[in-house]
Amino acid sequence: MMKYRAERIGMRVSPATTLGIAEETTEAFIATMKRAYNNDVQLIVTIVPTERDDRYNAIKQFCYCDQGVPSQVIKSRTLDPDHSQKLKSVVNRILLQITAKVGGELWSLSIPLRNSMLIGIDTYRDVGSNTAPNVTGFVASMNKDCTKFFSKTAVEKTGEELSASLTKLTLDALQEYEKENGVFPTRVIVYRDGTGDAEMGIVRNYEVPQIEAAFQSVNHDPEFIFVVVEKRITTRFFMVQDGRKLANPPAGTVVDRTVTSDSLYDFYLVSQKQSKGTASPSHYVVIHDTGTLSADQVQRLSYLLTHMYWNWPGSVRVPNVCLYAHKIAYMHGQHLFKTPDPKMAKSLFYL
């Protein structure tokens, strides 16, 4: 089924080495993978009988931290042949995830910006623990179409919502960008998720200078835009139809006047079509801008990027780099508990 569906969507899947496991213990899974692993392995697919955090964590730690190889974990009931119609869509989604994890490009849109790096930053916090450290997720685009990425994490102090690691993370991304393109980016646009109104000034005074320090360390002065993205807001918008009926605004609606701040450069964006309930906008606040892009261009770019998240076929609430940063921070803080192998930095292994 998987090979057949792969051919239908243009993928080529080589014959796989299939191994059985005599017992369902975590130790048995890891021991089998250790015996079979070699440097030619491109991907490890593990089919598990039930959902268990300890087993899932151990598999991901072995693959991402110990060996530096992409991993796909599948529950056996997901592949139940009794649901053949549903199985097609499930297998297609698994194949798309695998493609992204091994470096494939699922789709792209034309982004009219040359030599620009788009960065997403988010922070994971274990709300159930007072001792677990926070984790910063950092994802930077490496090409014009925003289809190749450099992803890393950094461990922060316990309970600290802000990141103290952005100079090193940004420097690593700049050096990787130069390696890939031969030049440093002339424009850097950061989308920062995971903060609220209370932290806005602190982000401006604490995180923005860290990124500027990275520019200075390589003697580079790009255009620099830093945007805070807020999802947890209560603001809602409606449009009037037929003179009296209220309806959700269409996807792509931007509100940048009247209800926005008098003292901030901000706008609201409705990026998803909502057929039931009320549409939930996201609030974008530009807290630093030394660039030449107009407000309209920043708004259009932000909307465009909501269509570029490869784990969902439609648009999402925030730019793709924000969600990728959220995913890698969550993977580190919730499952890995240690830094992934450096070989994983060019892979969207966390999808």
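Residues numbered from 1 in each chain as written. Predicted model: local features only at pLDDT ≥ 70, side-chain atom pairs only at ≥ 80, totals over all residues. Heavy atoms only, no water.

(A) Geometry of the pattern of salt bridges. Evaluation of the coordinates by the stated rule reveals 14 salt bridges. Between Lys338 and Asp66 there is a salt bridge; the shortest N-O distance is 3.4 Å. With Lys338 in the segment after α8 (320-336) and Asp66 in helix α3 (residues 53-67), this pair connects stretches of sequence that are 272 residues apart. One salt bridge in this structure joins Arg192 and Glu207, with 2.8 Å as the shortest N-O distance. Of this pair, Arg192 sits in strand β6 (residues 187-192) while Glu207 sits in helix α6 (residues 200-217); the two residues are 15 residues apart in sequence, bridging distant segments of the chain. Connected through shared salt-bridge partners, Glu176, Lys179, Glu180 and Lys346 make up one network. (Salt bridge = Lys/Arg side-chain N within 4 Å of Asp/Glu carboxyl O. Helix = DSSP H or I, 4+ residues; strand = E, 2+ residues; numbered from the N terminus.)

(B) The arrangement of α8 in detail. Taking 1.5 Å as the rise per residue, α8 with 17 residues should run 24 Å; its terminal C-alpha atoms sit 22 Å apart, in good agreement. Looking only at α8, the buried set comprises Asn320, Val321, Cys322, Tyr324, Ala325, Ile328, Ala329, Met331, His332, Gly333, His335 and Leu336. Directly beyond the C-terminal end of α8, a positive phi value near 65 degrees is found at Phe337. (Expected span 1.5 Å × (residues − 1). Buried < 20%, exposed > 50% of the residue type's maximum accessible area, 1.4 Å probe, protein only.)

(C) Local environment of the pairing of β6. The element β6 is extensively covered by neighbouring structure, given that six of its six residues are classed as buried. Alignment of strand β3 (residues 116-124) against β6, held across six bridges, turns out to be parallel. Bridge assignment links Ile119 to a residue of β6, and that residue is Val190. Remark: the β6/α6/strand β7 (residues 223-230) crossover connection has right-handed handedness. (Pairing = 2+ DSSP bridges. Right-handed = clockwise from strand over helix to strand, strands pointing away.)

(D) Main features of helix α5 (residues 166-181). For α5, built from 16 residues, the straight-helix expectation of 22 Å at 1.5 Å per residue is met to within 8% by its first-to-last C-alpha distance of 22 Å. Where α5 is buried, its residues meet β3, β4 (135-141), β5 (149-155) and α6. One or two steps after α5, the chain reaches Gly182, where phi turns positive at roughly 85 degrees. (Contact = heavy atoms within 4.5 Å.)

(E) Inspection of the packing of α5 against α6 at higher detail. Where α5 contacts α6, the axes come no closer than 8 Å and their chain directions differ by 40 degrees. When the axes of α5 and α6 are compared, the pair comes out oblique. Regarding α5 and α6, the two cross each other, and that crossing is right-handed. Residue-level contacts link Leu166, Thr167, Thr170, Leu171 and Leu174 of α5 to Glu207, Gln210, Ile211, Ala213, Ala214, Phe215 and Ser217 of α6. Residues that form the contact of α5 with α6 fall into these classes: seven nonpolar, four polar and one charged. (Axes fitted to C-alpha atoms, helices over the stretch in contact; angles between N-to-C directions. Parallel < 35°, antiparallel > 145°, perpendicular 65-115°, else oblique. Left-handed = near helix turned anticlockwise from the far one by under 90°. Nonpolar A, V, L, I, M, F, W, Y, C, P; charged D, E, K, R; others polar.)

(F) Fine view of a nonpolar patch on the surface. Together, Phe238, Val240 and Leu246 line one region of the surface with nonpolar side chains, adding up to about 320 Å² of accessible area. Inspection of the secondary structure puts Phe238 in the loop between β7 and β8 (239-241). (Patch = residues over 30% accessible without salt bridge, like charges linked within 9 Å, V, L, I, M, F, W, Y side chains within 5 Å. Areas by Shrake-Rupley, 256 points an atom, 1.4 Å probe, with all protein chains shown as cover.)

(G) Highlighting unusual backbone geometry. Located in the positive-phi region is Asn219, a residue other than glycine, with phi close to 55 degrees. Residue Thr258 is not a glycine yet carries a positive backbone phi of 70 degrees. Relative to the helices and strands, Thr258 resides in the loop between β10 (253-255) and β11 (265-270). Residue classification places Thr258 among the exposed residues on the basis of a relative accessible area of 78%.

(H) A look at the packing of aromatic side chains. The final tally for this structure, using the stated rule, is 13 aromatic pairs. Between Phe215 and Phe224 the ring centres are 5.3 Å apart and the planes differ by 90 degrees, which places this aromatic pair in the edge-to-face class. Assessed through its relative accessible area of 2%, Phe224 is described here as buried. (Phe/Tyr/Trp six-rings, centres within 6.5 Å; stacked < 30°, edge-to-face > 60°.)

(I) The arrangement of the layout of surface pockets in detail. Here the largest pocket defines a volume of roughly 1500 Å³. Lining the largest pocket are 40 residues; nearest its centre among them are Ala16, Thr17, Leu43, Ile44 and Val45. Elements with a contribution of two residues or more to the lining of the largest pocket: α1 (2-8), α2 (26-36), β1 (44-48) and α4 (84-101). Per element, the largest residue contribution to the lining of the largest pocket is five residues, and it comes from α4. Its residues assigned to classes, the lining of the largest pocket comprises 26 nonpolar, nine polar and five charged. Counted as a void, the second largest pocket has a volume near 730 Å³. Around the second largest pocket sit 25 residues that line it, and Tyr56, Gln72, Val73, Lys75 and Gln97 are the ones nearest its centre. Per element, the largest residue contribution to the lining of the second largest pocket is five residues, and it comes from α4. (1 Å grid on protein atoms, 1.4 Å probe; cavity = no way out; pocket = protein on both sides within 12 Å on 5 of 7 lines; lining within 4 Å. Points joined across faces, edges and corners; volume = space filled by probe spheres on them.)

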